[in-house]
Structures are given as C-alpha cells and as structure tokens.
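One letter stands for each residue in the lines below.
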Amino acid sequence: MSEANRFFLWRRYYGLHLPLHDAERNTSFEDPEESPPPESPSSTTQPIELGPFPNLSAFWFADWWWNSGNEKSSHELRKLLTLVNTQGFSLTDAFSTNWNATMMSFDADERSSSSSSDETSWFNDADWILTPVTIPVSFHRLMKNPGTRYQTVGNMRHRRLISVIEEKICNVEPGHFHYQPYELFWSPPTNDDTQFDFRVQGELYNSPAFVEAHQKLQNSPQIQGCNRERVVVALMIWSDETHLSSFGSAKLWPVYIFFGNESKYRRSKTSLRLCEHIAYLESVSRIPTAFGVGIEVG
Amino acid sequence: MEHGIVIMGRDGIERRFFPTFFTYSADYPEK
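Residues numbered from 1 in each chain as written. Chains lettered and ligands numbered in written order. Predicted model: local features only at pLDDT ≥ 70, side-chain atom pairs only at ≥ 80, totals over all residues. Heavy atoms only, no water.

K.L.:
Talk me through the overall build of chain A; I want residue IDs and the actual numbers.
P.N.:
Within chain A, the secondary structure is distributed over 7 helices and 9 strands. Sorting the 298 residues of chain A into buried and exposed places 34% on the buried side. In chain A, 57% of the contacts between residues at least 6 apart in sequence involve partners at least 24 apart. (Helix = DSSP H or I, 4+ residues; strand = E, 2+ residues; numbered from the N terminus. Buried < 20%, exposed > 50% of the residue type's maximum accessible area, 1.4 Å probe, protein only. Contact = heavy atoms within 4.5 Å.)

Given below as structure tokens:
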C-alpha cells in the first residue's frame, strides 16, 4: 500500500514490494518532454504548378467550385461572375477541360504517388508484411459449380504484433510504463474514526480487468528455472476509416494499438507518438474480384 | 504465447511479458 497523497488517494499493489518505478511520478499535465513535430517539407518557391489542371482557367474554375461551400448563394454567384470576368480567364479553356478525368485524377494521383515515392519506403520495411486475404464463397447446389470456393479478395499490410511489443518494451522509459496494475482508493478525512474507501478508476492499469489478469498471471505456476517478473502487456486496439484528402475520395483504414500500461494523459498526446499502427485494411467494396464485379459491402 | 516473451527493458532488467487484449473498438463501414 502506498501513502495517501494530498488528495487522499492511495494505491494498493499486489506484490511483495512496491514497484521499482513509480510510472506516475514522472507524469505531469504539462509534460515538457514533447518530441518535436515531424518536419514538414521545406517550402521552396516554384513556378505555379497546376497539378492535373490543363490550364489556369480550369484551375480557377475548380477553385471556385470547391471553395464556394455546399450551398450556392448569391454571393457565390457574384464571385463566379467576377471570375469569368477576370483578365486571363478563358471560357474556351474551361470548356475544353475534361472535367471527369481531371477530378478522377486526384485519387489516381494519390495512389500512384503513394506507391512510388519514398514516402512509403517504411511500408517496404522488413517489419511490414503483406498477407493475402482469402474468403470462402458459397455457390448454390443448383449452380454450375456448387460448393465452396476460396477467393483471394485483397491484401492486408500489417506488422507482427510481437515485434511491435518487443520494440515498445525495449525502448520505453521504465518510468513511464506500468509493469504492475494497482487499485486506487479515495479515503476522505472524516470527523470520527470511520474510514471510507472509495474505489477510483481512471486508467486501464487501475481497472478491475487489469488487476484480475495480473493476479491470474502471478498465481499461475512459474516457468521452471525462471524467476523473472511476469508482466501483463495491456493491448488496446482500435480502427477507424480516415480520409486522406479534402478533394479526392482516397481513404485508408488503419488499425492502431495503444499500450494500456501507459497513462491516458501520455497516450493522448500526439507529440509523444505512443500510438502504433499495426495494419491497414482494404475496403472490400473497392476490390475487383475474379467474379468480374466488386463485392459491395452494405 | 503460453510462456510469454522475455524482453530486456532500458533499465537492464529482463521481464517476462504476456500480451493481453483489453479493449477493441471499431465501427461499421461508413456510407
């Protein structure tokens, strides 16, 4: 048991002695230990690049189209008229633009650049693995070839979880990693001798689930000849689709992992980069299959 | 994973680690 702090909070650990490192002593709300933000590519003055637009008029026109909001107002109409009236604007140029191809090229651009540039060299690390995803597809017994056929529908890029964990443990500062969970209690001072202990939860490492897993592990038989401390690595996985650009429809679906042994106050600090990406999912709806059509997902 | 994995931390101490999934959150494909 630890001493109560000035907020009358105290901890109960389940070991023979208190942990070597108090992983919270080093936590403050204004942690100065923020790593510098990733360097942005230096901006150099370059001649105007119009990207996929064949001419300046098309570029201006697209600029008006995208930046004028979703609802066309009279204000936007006036802006359009001003644009058409601008010196250098050529209606012929705007007309001659293949708009479908131009809009489509935004997505295509992102894809081709992401597969060739060195931006993705980390993807080709030995650390990243490409695994084909195969699903069983059932065919009705009255069909020409009934039964189950296995179809490869795409690839999943992912890392080996073990290597992510190893990398983490090797590099994490012990002072910021909770090797043992604890129960947190609040015992407010009372007028008489009675003591109330209120259980407080706010981190994964003081949750009942972590404490239970920890105790189960400690109570399991020791591996012969090994007296090393046994530690639960608390993995928290989450995934969410993310859009890559404001204009195109290019998307990624990453799977992330957090370590529940670390404080939420540190995890939520993006500059500390405690979130690991472990996989990238493909959208099934966009994968052309051998059946000739894409499988649509509701 | 029955026996965990032994990894040495930056404090030079080897510990035996047992990875466990505690939370998993995801959503359905958006429209």
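K.L.:
Could you give an account of the sheet that holds strand 4 (residues 183–186) of chain A, with specific residues and numbers?
P.N.:
All names here are of chain A. The 3 strands are arranged 1-4-5 in an open sheet whose pairing can be described as antiparallel. A strand with exactly one partner marks an edge of an open sheet, and here the two such strands are strand 1 (9–12) and strand 5 (198–200). Here the strands of the sheet are splayed against their neighbours by 40° on average, with no regard to which way each runs. Summarising the sheet, strand 4 and strand 5 pair through 3 bridges and their orientation is antiparallel. Note that in strand 5 the partner of Phe 185 across the bridge is Arg 199. (Pairing = 2+ DSSP bridges. Axes fitted to C-alpha atoms, helices over the stretch in contact; angles between N-to-C directions.)

K.L.:
Let's hear about the interface of chain B and chain A: which residues, and what values?
P.N.:
In this complex, chain B contributes 27 residues to the contact, which on the side of chain A involves 36 residues. Between chain B and chain A, a total of about 2,800 Å² is buried, with carbon and sulfur atoms accounting for 64% of that surface. Counting the contacts that link chain B with chain A gives 2 salt bridges. B:Glu14 is paired through a salt bridge with A:Arg228; the nearest N and O atoms lie 2.9 Å apart. For the side of chain B that touches chain A, the element with the highest residue contribution is strand 2 (residues 14–25) of chain B, accounting for 12 residues. Residue composition of the side of chain B that touches chain A, by class: 15 nonpolar, 5 polar and 7 charged. Relative to strand 2 of chain B, strand 6 (residues 229–239) of chain A is paired through 10 bridges, and the arrangement is parallel. Looking at the pairing, A:Trp238 lines up with B:Ser25 of strand 2 of chain B. (Buried area = accessible area lost by both parts, 1.4 Å probe. Salt bridge = Lys/Arg side-chain N within 4 Å of Asp/Glu carboxyl O. Nonpolar A, V, L, I, M, F, W, Y, C, P; charged D, E, K, R; others polar.)

K.L.:
Go over the nonpolar core, please, and point to the residues and values.
P.N.:
By size, the foremost hydrophobic cluster in this structure holds 18 residues, and its most contacted members are A:Ile165, A:Ile169, A:Val233 and B:Phe17. Contributing elements (two or more residues each) for this core: helix 5 (161–171), strand 6, strand 8 (251–259) and strand 9 (276–281) of chain A together with strand 1 (5–8) of chain B. Looking at this core, the element that brings in the most residues is strand 6 of chain A, giving 4 residues. Setting aside its immediate chain neighbours within four residues, B:Phe17 contacts A:Ile169, A:Tyr179, A:Val231, A:Val233, B:Gly4, B:Ile5 and B:Ile7. Listed in part, the 12 residues of the second largest apolar core include A:Tyr182, A:Tyr205, A:Leu217 and A:Ala234. (Core = buried A, V, L, I, M, F, W, Y, C linked by side-chain atoms within 4.5 Å.)

K.L.:
Tell me what's going on with the packing of helix 1 (residues 56–67) of chain A against helix 2 (residues 74–85) of chain A, and back it up with residues and numbers.
P.N.:
Residues and elements named next belong to chain A. Their axes nearest at 11 Å, the elements helix 1 and helix 2 cross at an angle of 175°. Considering the angle they form, helix 1 stands roughly antiparallel to helix 2. Where helix 1 abuts helix 2, its residues Trp 60, Phe 61 and Trp 64 lie against Glu 76, Lys 79, Leu 80 and Leu 83. A class-by-class count of the residues in the contact of helix 1 with helix 2 yields 5 nonpolar, no polar and 2 charged. (Parallel < 35°, antiparallel > 145°, perpendicular 65-115°, else oblique.)

K.L.:
Hey, could you go over the packing of aromatic side chains for me, with residue numbers and the actual values?
P.N.:
Residues and elements named next belong to chain A. A full pass over the atoms with the stated rule returns 16 aromatic pairs over all chains. Summarising the aromatic geometry, the rings of Trp 128 and Tyr 280 are spaced 5.8 Å apart at their centres and angled 40° between planes, so their arrangement reads as tilted. Taken together, the residues span a long stretch of sequence, with Trp 128 in strand 2 (residues 128–139) and Tyr 280 in strand 9 at a distance of 152 residues. Note on Tyr 280: relative accessible area 12%, which makes it buried. Here Tyr 182 and Tyr 205 contribute two aromatic rings whose centre-to-centre distance is 5.9 Å and whose plane-to-plane angle is 50°, an arrangement assigned as tilted. You can see Tyr 182 sitting in the loop between helix 5 and strand 4 and its partner Tyr 205 sitting in the loop between strand 5 and helix 6 (208–219), a full 23 residues away along the chain. (Phe/Tyr/Trp six-rings, centres within 6.5 Å; stacked < 30°, edge-to-face > 60°.)

K.L.:
Outline the pairing of strand 3 (residues 147–159) of chain A, supporting the account with residue identities and numerical values.
P.N.:
The two faces of the sheet receive side chains in turn, since in a regular strand these alternate between them. All names here are of chain A. The sheet contact formed by strand 2 and strand 3 spans 12 bridges and is antiparallel. What sits directly across from Val 137, in strand 3, is Arg 149. Of the pairings in the sheet, the one linking strand 3 to strand 9 comprises 2 bridges and is antiparallel in character. Within the sheet, the bridge partner assigned to Arg 157 lies in strand 9 and is Tyr 280.

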